[in-house]
Amino acid sequence: MLPPPAVFHFLWEISTDLVKDGASVRTYGRLISYEPEESKAILSGQQSSAQYNMSVQTTLVEPFQPTLGAQYFVLGEIEKTDGLSGAILHARTLSNVDGVDLTLLQKAIMEQRCFFKERLPEMNVQAFNCKPSYMKNL
Amino acid sequence: MAVNLGDADADELPSMLWGLDPVYSAYSKLYITDILQMKESRQVPGVYFYKTHPLFQVDVLGTVVYKRERDDFYCYGVDDSTGVINCLCWKDEKWSDQGESSKCRDPSGSSRGFNIEDELKRLKEAERKSTMLEIGDLLRVRGTVKTSRDAREIRANCFYKVNDPVMAVQILHMLEMPQLYRKCYDQPFQMPKDDLGGTEAGGSSHFHRLLSRSVLALKEFLLEKEVARFRPYDVEFLLHPLIQSCSAEQESDQPGTSFATQIRKLLKETLSVLQDEGQIFRKIRTADEVYNVTEQDKDLHTAIKDVLREDTKREKYAEKGCHVLHILSSVRQRYSQNLSRERLLNCNRALVKKPSPIAQISQCVCALPAEWTSRPHKGRARSFMTRRSGFQNDTVERVSIRIQLDRGGSRTRSAFCLISSCASEAEVFTMQFRTVLDVKVVDVEKRRNPSKHYVYLINVTYSDSTSHIIYRRYSKFFDLQMQILDKFPIEGGQKDPKKRIIPFLPGKILFRRSHVRDVAMKRLRFIDDYCRALVRLPPQISQSEEVLRFFETKPDDITPPV
């Protein structure tokens, strides 16, 4: 009855195999285009000087006030269609978070991931750079 | 199934020491996935263990991904990216009357000065708005963890919408959680050291640990073997492995105590704990120590059933049930003065579990007003109780149990009743309605109070083979019919008139005199047909609470007014 938890992912990870088809994700990006007739929005993110785009199906979260160029935080399910480029995110929630500190957000997500990796003993060999930047001496 | 005294128990901190762990008293900020996976304590249900820490209160922050609203509560599904959990959030009564006040605010706004009433209204409105969330909003919940129907959920003590326009709150939450885990939750619980001597504190906690294990072992043994009576030496063998395993672990902290002395001491303490809890008791205080097990005590069971059967016939208890203290004093008079309240409660719980005509009504931990309405209704009652109680969350649980009669037919039915005042922790029990086997309307009688009307004399035969004449007037029949048609719309033909199985009642007379003998006599035959047809309907209707309550004898039926 309750939907599955939506794990944090970055835009550039979604098109890779890290995210399976049908998975629930949370992600964020800048709104660069919106087509109300087709309920399609495109979010974009930047990582190591490469632009990543992702299309978002906004049927469930309409109507909303689209502000082009603003940062949006979205939660929903991924649908991967073979053939077409990239995946489609069917948004269940969409909120304008313009003004968010992107670097801090990224750090926070990495920190949390590191911690989760630590907790799983001997399982996944770290795929991420595990340097908890806020770890103090205990 | 042999009781494994080895690891399972050793992992859990004994309940006597839980208060020493600060995590236990705090609202722990845990990831939802941990809340969902943590194990329930074997010693006390309702308390959970995250690694070595006992806890029952949590604090979560997450996005609302599911919402369900009822008159008196919200149920929000909260997702914090590690898991999703349902949060039950009761509405505050004072908000329900906010409807008009928000509109009658001063429109001019030109009034200078501080109008306290307006400000209070605006404060209340703001409070109310902070509890109405939509999917996608950020919610903070602080509450107790409950497991109901195999699902974990949080019963909120405090909940509000968090305004997070630039995600600052969520980012902070993500950063601080790992630290919190590393510093607190993942650290094993350390017993605080006694200043006088480490061994003393260590020794007593060791003994406590041993004691809880032995209590658990003894309880499980008595349950499994269905022991009715025993002497101490019968159960001594259960404690042998405990003492043996612990003396292998560490050197004895009390030099000079033999194995036998240790066993005797442990046994004495264990039996005393079980006695205090009411699980076992001694009927006769002789030198020969014989302990009886409460659950198996048939005499006590029968005494309780007799008390309930008689008392629930009286008007004072008929609708509201018997308070446990009343049962206690009545049973003490007939059975034994030496009856503790815990023992009675134990017995009642056992009775309720078995098929018997006794049902538990409610359990509440607050003071309720005495002027409880006499027409109980499920939903209204629950919201009434939570509104009046000092606590907003689940301190009131209503239990509706399907029971089987133990004699006179084996029909199942659900039955429940409601309680009135209770001073402290209380449980109330009552007997349930018997079913109706046969009905015959035999005559009509004139009554003068409260005004002139006619009652029908109905000869009812009950499932316990007794029969009685009851007196009912037409308007009561009408009310009953309305209730039944409301409750069973399909059987009442609302969707499809052809499917109607509920019988027709002769019509209400609206425009002429109805309280005349002629009318009553003419209706008699139809009322008789109606009653007969009603009790021949399928059990969900013919044994529903409304019908059985209607045909049950009331005090006026037993001693009819002149």
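Worth saying up front: this structure is predicted, and the values here are computed from it rather than measured.

(A) Local environment of helix H15 (residues 474–487) of chain B. All names here are of chain B. Helix length check: H15, at 14 residues, gives a terminal C-alpha distance of 20 Å against a target of 20 Å (1.5 Å per residue), a fit within 8%. For H15, the set of buried residues is Tyr-474, Phe-477, Leu-480, Gln-481 and Ile-484. The arc enclosing the buried residues of H15, seen along the axis, measures out at 115 degrees, which places them on a common side. Elements that come into contact with the buried residues of H15 comprise strand E19 (453–462), strand E20 (467–473), helix H16 (517–535), helix H17 (539–542) and helix H18 (545–551).

(B) Representation of the packing of aromatic side chains within the structure. This structure, assessed with the given rule, holds 26 aromatic pairs over all chains. Between Phe-115 of chain A and Phe-116 of chain A the ring centres are 6.2 Å apart and the planes differ by 50 degrees, which places this aromatic pair in the tilted class. Judged by relative accessible area, Phe-115 of chain A falls into the buried class, the value being 1%. Three or more aromatic residues joined by ring pairs form one cluster here, namely Phe-115 and Phe-116 of chain A together with Tyr-31, Tyr-50, Tyr-181 and Tyr-185 of chain B. The ring of Tyr-74 of chain B carries the charged tip of Lys-91 of chain B above its face, separated from the ring centre by 4.7 Å. A cation over a ring is seen here: Arg-447 of chain B above Tyr-471 of chain B, with NZ or CZ 4.7 Å from the ring centre.

(C) Fine view of the packing of helix H10 (residues 298–311) of chain B against helix H12 (residues 324–334) of chain B. Residue and element names in this part refer to chain B. Close contact between H10 and H12 brings their axes to 10 Å; oriented N to C, the two are set at 120 degrees. Between H10 and H12, the angle is such that the two are oblique. Crossing of H10 against H12: the hand is right-handed. Taken together, the residues of H12 that come into contact with H10 (itself represented by Leu-300, Ala-303, Ile-304, Asp-306, Val-307, Leu-308, Glu-310 and Asp-311) are His-326, Ile-327, Ser-330, Val-331 and Arg-334. The class makeup of the residues in the contact of H10 with H12 is seven nonpolar, two polar and four charged.

(D) Highlighting the interface of chain B and chain A. Contact residues are listed per partner, giving 32 residues for chain B and 34 residues for chain A. For the pair chain B and chain A, the summed buried surface comes to about 2,800 Å²; carbon and sulfur atoms form 67% of the total. Applying the counting criterion to the chain B and chain A interface returns four salt bridges. The shortest N-O distance in the salt bridge between Glu-118 of chain A and Arg-182 of chain B comes to 3.4 Å. Counting across the interface, chain B meets chain A through six residue pairs in polar contact (both at pLDDT 80 or more).

(E) Expanded view of the pairing of strand E8 (residues 151–162) of chain B. Residue and element names in this part refer to chain B. Relative to E8, strand E6 (residues 84–90) is paired through three bridges, and the arrangement is parallel. When the sheet's bridge partners are listed, Asn-86 is paired in E8 with Glu-153. Where strand E7 (residues 138–148) folds back onto E8 in an antiparallel hairpin, the turn is made up of two residues, including Arg-149, whose phi is positive at roughly 50 degrees.

(F) View of a nonpolar patch on the surface. All names here are of chain B. Judged by side-chain polarity, Phe-114, Ile-116, Leu-120 and Leu-123 come together as a nonpolar surface patch covering roughly 450 Å² of accessible area. Turning to its location among the elements, Ile-116 is positioned in helix H4 (residues 116–129). Taking relative accessible area as the criterion, Ile-116 reaches 54% and is therefore assigned exposed.

(G) Quick peek at the sheet that holds strand E10 (residues 280–281) of chain B. All names here are of chain B. What the three strands build is an open sheet, ordered E9-E11-E10; its pairing is antiparallel. The open sheet is flanked by strand E9 (229–230) and E10, the only strands paired with a single partner. Here two bridges tie E10 to strand E11 (residues 291–293), and the two strands are oriented antiparallel to one another. By the bridge assignment for E11, Phe-281 is matched with Asn-292.

(H) A look at the pairing of E19 of chain B. Residues and elements named next belong to chain B. Judged by how many residues are buried, E19 sits mostly within the fold: eight of ten residues are covered. Direction of pairing for strand E18 (residues 436–447) relative to E19: antiparallel, over a ladder of ten bridges. Across the sheet, Val-436 pairs through a bridge with Tyr-462, a residue of E19. Connecting E18 to the next strand, E19, in antiparallel fashion are five residues. Pairing of E19 with E20, which is carried by seven bridges, proceeds in the antiparallel orientation. Bridge assignment links Thr-461 to a residue of E20, and that residue is Ser-467.

(I) A look at the pattern of salt bridges. All names here are of chain B. This model, assessed by the stated rule, comprises 30 salt bridges over all chains. Residue Glu-546 is joined to Lys-487 by a salt bridge in which the shortest nitrogen-to-oxygen separation is 3.0 Å. Taken together, the residues span a long stretch of sequence, with Glu-546 in helix H18 and Lys-487 in helix H15 at a distance of 59 residues. Glu-546 gets classed as buried once you look at its relative accessible area, which sits at 19%.

(J) Quick look at the side chain of Thr-33 of chain B. Note on placement: Thr-33 of chain B falls in helix H3 (residues 32–37). Other than its neighbours up to four places away in sequence, Thr-33 of chain B contacts Thr-82 and Gly-83 of chain B.

(K) Seen up close, empty space enclosed by the protein. Residue and element names in this part refer to chain B. Considering all chains together, one arrives at six cavities of 30 Å³ or more under this definition. Roughly 130 Å³ of volume is contained in the largest cavity. Along the wall of the largest cavity there are 14 residues; nearest its centre are Leu-61, Asp-80, Gln-170, His-173 and Met-174. Mapped onto the lining of the largest cavity, the elements with two or more residues apiece are strand E4 (57–69) and helix H5 (168–185). Grouping the amino acids of the lining of the largest cavity by side-chain chemistry returns five nonpolar, six polar and three charged.

Rules and cut-offs
- Residues numbered from 1 in each chain as written.
- Chains lettered and ligands numbered in written order.
- Predicted model: local features only at pLDDT ≥ 70, side-chain atom pairs only at ≥ 80, totals over all residues.
- Heavy atoms only, no water.
- Helix = DSSP H or I, 4+ residues; strand = E, 2+ residues; numbered from the N terminus.
- Expected span 1.5 Å × (residues − 1).
- Buried < 20%, exposed > 50% of the residue type's maximum accessible area, 1.4 Å probe, protein only.
- Arc of directions from axis to C-beta.
- Contact = heavy atoms within 4.5 Å.
- Phe/Tyr/Trp six-rings, centres within 6.5 Å; stacked < 30°, edge-to-face > 60°.
- Lys NZ or Arg CZ within 6 Å of the ring centre and 35° of its normal.
- Axes fitted to C-alpha atoms, helices over the stretch in contact; angles between N-to-C directions.
- Parallel < 35°, antiparallel > 145°, perpendicular 65-115°, else oblique.
- Left-handed = near helix turned anticlockwise from the far one by under 90°.
- Nonpolar A, V, L, I, M, F, W, Y, C, P; charged D, E, K, R; others polar.
- Buried area = accessible area lost by both parts, 1.4 Å probe.
- Salt bridge = Lys/Arg side-chain N within 4 Å of Asp/Glu carboxyl O.
- Polar contact = N/O pair within 3.5 Å; in protein donor to acceptor, adjacent residues only side chain to side chain.
- Pairing = 2+ DSSP bridges.
- Patch = residues over 30% accessible without salt bridge, like charges linked within 9 Å, V, L, I, M, F, W, Y side chains within 5 Å.
- Areas by Shrake-Rupley, 256 points an atom, 1.4 Å probe, with all protein chains shown as cover.
- 1 Å grid on protein atoms, 1.4 Å probe; cavity = no way out; pocket = protein on both sides within 12 Å on 5 of 7 lines; lining within 4 Å.
- Points joined across faces, edges and corners; volume = space filled by probe spheres on them.

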